[in-house]
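Descriptive analysis of the structure
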Amino acid sequence: MFFKTSPEQTSGAQAEARAEAFLAKQGLVKRAQNYRCKLGEIDLIMQHQDTLVFVEVRLRTHQAFANAAESVTIRKQQKIIKTAQYYLQQYQLTDKANCRFDVIAFSDNGEPEWIKDAFSA
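Residues numbered from 1 in each chain as written. Predicted model: local features only at pLDDT ≥ 70, side-chain atom pairs only at ≥ 80, totals over all residues. Heavy atoms only, no water.

**With respect to the overall build of the protein chain**
In plain terms, the rule: Per the convention used, a helix needs a DSSP run of H or I reaching at least four residues, while a strand needs a run of E reaching at least two, with both numbered from the N terminus. Burial status follows relative accessibility: with a 1.4 Å probe on protein chains alone, a residue under 20% of its type maximum counts as buried, one over 50% as exposed, and anything between as partly exposed. Residue contacts are counted whenever heavy atoms from the two residues lie within 4.5 Å of one another. All accessibility values rest on the Shrake-Rupley procedure with a 1.4 Å probe; residue burial counts only the protein chains present in the view.
When you go through the protein chain residue by residue, the secondary structure sums to 2 helices and 5 strands. Each helix and strand of the protein chain, placed in order from N terminus to C terminus, yields the pattern α-β-β-β-α-β-β. Here the protein chain holds 121 residues, and the buried ones make up 39% of them. Of the contacts made within the protein chain by residues no fewer than 6 positions apart, 51% connect residues no fewer than 24 positions apart. For the protein chain, the exposed surface amounts to about 7,800 Å²; the carbon and sulfur share of it is 48%.

**Structural notes on the sheet that holds strand S5 (residues 112-119)**
Counted only if it meets this: The pairing criterion for strands is at least two bridges between them, as found by DSSP. Only the stretch in contact is used when fitting a helix axis, every axis being a line fitted to C-alpha atoms; angles between N-to-C directions are given from 0 to 180 degrees.
The strand order S1-S2-S3-S4-S5 describes an open sheet built from 5 strands, whose pairing is mixed. Two strands in the sheet have a free side with no partner beyond their single neighbour: strand S1 (29-37) and S5. Ignoring which end each strand starts from, the neighbouring axes of this sheet average 30° apart. Summarising the sheet, strand S2 (residues 40-48) and strand S3 (residues 51-59) pair through 5 bridges and their orientation is antiparallel. What sits directly across from Gln47, in S3, is Leu52. Lying over the sheet, helix H2 (residues 74-90) contacts S1, S2, S3, strand S4 (98-106) and S5, oriented at roughly 145° with respect to S3.

**Focus on the pairing of S2**
The buried fraction of S2 is high, at 8 of 9 residues. Summarising the sheet, S1 and S2 pair through 7 bridges and their orientation is antiparallel. Across the sheet, Val29 pairs through a bridge with Gln47, a residue of S2. Counting the residues that bridge the hairpin from S1 to S2 gives 2 residues. Here S2 hands over to S3 after 2 residues, with Gln49 in that stretch at a positive phi of 55°.

Have a look at this one:
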């Protein structure tokens, strides 16, 4: 079966690939990409030393309303946190993993802005 991808999906996938490459250069190792469950989706799950990092990748080509980093609303944060909790339960990591939530934001200049510990559970 063939599915067409929208330009937004294509540019989003490219942004995720660029974010992964950027984070790999910083020493992080990919554990999962586009992790989905009934509660939501997490773009990237990376390992940074002893910390599991849940990464939201944001791309904004038009910043009329908010820049890429500002587009991660409280509601989006809550959804990511619940999805991360589900992931931790699924892999029996709830008591073992140090976790943080990062945002990689791409704006008009194309350079990644890495916001470590962008929000917390």
